[in-house]
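# Notes for the structure review
Listed here are the chains, written in short residue letters.
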Amino acid sequence: MLTGNYLSSPPMKWFKIIIGPLLFIICLAIGGYDHPQFKMIAVMLWMLSWWITNALPVGATALLPILLFPLLGILDLKETTANYANPVIYLFMGGFVLGLAIEKWNLHKRIALNIMNLSGEKPNRIILGGMLATALLSMWISNTATAVMMLPIGMSVVSLLGDKLDAFSGRNFGITLMVGIAYAANLGGITTLIGTPPNLVLASIVEESGMPSIHFSNWLFFAFPLVVILFTLTYFINTRLVFPIKINKLKGIGELIHSELHALGRMKPGERRVLLVMSFTAFLWIFRSQLTQFEL
């Protein structure tokens, strides 16, 4: 419903709304109304302008093809709406909902802190623990969401070092931890089909092209060794070559992590349920091709 900030807005907001249809009309006027390529470009310009300027909610803009494609003769209504029910879309949605539930119950924070707690107080091990936690979460949640979830945890560790390290070591530790989280989020996303949208897009294109489907387990067994190699190289390059850390131990890191874990308390019922659903979902994703062979 387009109310509130989207309608009762200053003139700049209305300009952002108008620019999309204006670009649409200009493109059609230049290319002609009989060329399907220009019709498609016109729709793309309209949607891109609203997405870039945030003129309307992202979801509302994404529904424009349902209205415009049948009107322009690009696709009929049935063909257009069928794409919104593509299995890949539902797989995306399932991953996003799972990520929201994990974030709501702070399960990501508990997983990350427990992994970092096992790392000890050596700087390189703390960085390794942060990267491992990020990669593990990114296997099941989008890369961006994982990086955003892990950023506050990494910043808490870095802020503790303000008066404990010299300028050089503190700078290198902070940069390496933040960069490591970013790289680990991308590497973790490679590991599974739902780790990042391009993986699912590729699987969808392969299936629609008539080639053998890419199953979750096949992708996992193919990508995991590659990710292990890339993860190891990234870790050693960051910590030993690009941003070397010349200190052996960070006092106070253990206390910080223990205090954060203490603040979380014991696992809540909702947290346990999310962990159970996450584990069961991962099991079904991994062994889907084997399970579908059984006849009820």
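Look up a bit, the structure's there.
As a convention, each chain's residues are numbered from 1 in the sequence order in which they are written. Selection of residues for local features in this predicted model requires a pLDDT of at least 70, selection of side-chain atom pairs for listing and counting requires 80 or more, and totals for whole chains, interfaces and linings are taken over all residues. To obtain the side-chain values, all non-hydrogen atoms of the structure were used and water was disregarded.

Bend, at a single residue, is the angle you get between axes fitted to the 7 residues ending at that residue and the 7 residues starting at it. Only DSSP runs of H or I covering at least 4 residues are called helices, and only runs of E covering at least 2 are called strands; the numbering of each starts at the N terminus. The largest bend along helix α12 (residues 216–242) reaches roughly 30° and is located at alanine 223, with the proline proline 225 sitting one to four residues downstream. For the exposure calls, accessible area comes from a 1.4 Å probe over protein chains only, and a residue counts as buried if that area is under 20% of its type's maximum, exposed if over 50%, partly exposed in between. Among the residues of α12, Phe216, Ser217, Trp219, Leu220, Ala223, Val227, Phe231, Thr234, Tyr235, Asn238 and Thr239 are the ones counted as buried.

Here the focus is the nonpolar core. Counting residues in each nonpolar core, the largest one holds 49 residues, and the members touching the most others are Trp140 and Val157. In terms of residues, this core owes the most to one element, α12, which gives seven residues. The residues touching tryptophan 140, leaving out its near neighbours within four places in the chain, are Gly95, Thr192, Ile194, Phe216, Met278, Ala282, Trp285 and Ile286. The criterion is simple. A nonpolar core is a set of buried Ala, Val, Leu, Ile, Met, Phe, Trp, Tyr and Cys residues joined through side-chain atoms within 4.5 Å. A contact between two residues is defined here by any heavy atoms of the two lying within 4.5 Å.

Our focus in this paragraph is the environment of threonine 80. Turning to its location among the elements, threonine 80 is positioned in helix α5 (residues 77–84). Overall, the relative accessible area of 3% leaves threonine 80 in the buried class. Sequence spacing of threonine 80 and isoleucine 66 is 14 residues, and the spatial spacing of their C-alpha atoms is 6.1 Å. Setting aside anything within four residues of it in sequence, one finds threonine 80 in contact with Pro65, Ile66, Phe69, Pro70 and Leu75.

On to the side chain of asparagine 199, then. With respect to the secondary-structure elements, asparagine 199 resides in helix α11 (residues 197–208). Of the residues examined, asparagine 199 reaches a relative accessible area of 9% and is grouped as buried. N or O atoms within 3.5 Å of each other form a polar contact, as long as, within protein, one can give a hydrogen and the other can take it, and as long as residues adjacent in sequence are counted only when both atoms are side-chain atoms. From its side chain, asparagine 199 meets the backbone oxygen of glycine 189 in a polar contact 2.9 Å long. Setting aside anything within four residues of it in sequence, one finds asparagine 199 in contact with Gly189, Ile190, Thr192, Leu193 and Trp219.

Moving on to unusual backbone geometry. In this structure, asparagine 54 takes a positive phi of about 55° despite not being glycine. Topologically, asparagine 54 is positioned in the loop between α2 (36–53) and α3 (58–62). Asparagine 54 sits in the partly exposed class, given a relative accessible area of 38%. With phi around 60°, asparagine 106 is a residue other than glycine that occupies positive phi space. Structurally, the position occupied by asparagine 106 is in the loop between α6 (87–104) and α7 (107–117).

What follows is about α6. Expected span of a helix: the number of residues minus one, times 1.5 Å. For α6, which comprises 18 residues, the first-to-last C-alpha distance of 26 Å matches the rise-based estimate of 26 Å (1.5 Å per residue) to within 8%. Within the sequence span of α6, burial applies to Val88, Phe92, Gly95, Leu98, Gly99 and Ile102. Mapping the buried residues of α6 onto a view down its axis gives an arc of 130°, with all of them on the same face. Away from its buried face by more than 90 degrees, α6 exposes Pro87, Leu100 and Lys104. Looking one or two places after α6, you find asparagine 106, whose phi comes out positive at around 60°. Note: the arc covers the axis-to-C-beta directions of the helix.

To get an axis, fit a line to the C-alpha atoms, keeping to the stretch in contact for a helix; angles then go from 0 to 180 degrees between the N-to-C directions. Two numbers describe how α7 lies on helix α13 (residues 253–264): the axes approach to 10 Å, and their chain directions differ by 150°. Classed by the angle they form, the pair α7 and α13 counts as roughly antiparallel. Where α7 crosses over α13, the two elements pack in a sense that is left-handed. Residues Lys109, Arg110, Leu113, Asn114, Met116 and Asn117 of α7 form the contact with α13, whose own contacting residues are Ile257, His258, Glu260, Leu261 and Leu264. Of the residues in the contact of α7 with α13, the class split is five nonpolar, three polar and three charged. Each angle is binned into one of four classes, with values under 35 degrees roughly parallel, values over 145 roughly antiparallel, values of 65 to 115 roughly perpendicular, and all other values oblique. In this scheme the handedness of a crossing depends on how the near helix is turned from the far one: anticlockwise by less than a right angle means left-handed, clockwise means right-handed. Only Asp, Glu, Lys and Arg are considered charged, only Ala, Val, Leu, Ile, Met, Phe, Trp, Tyr, Cys and Pro nonpolar, and every remaining residue, Gly among them, polar.

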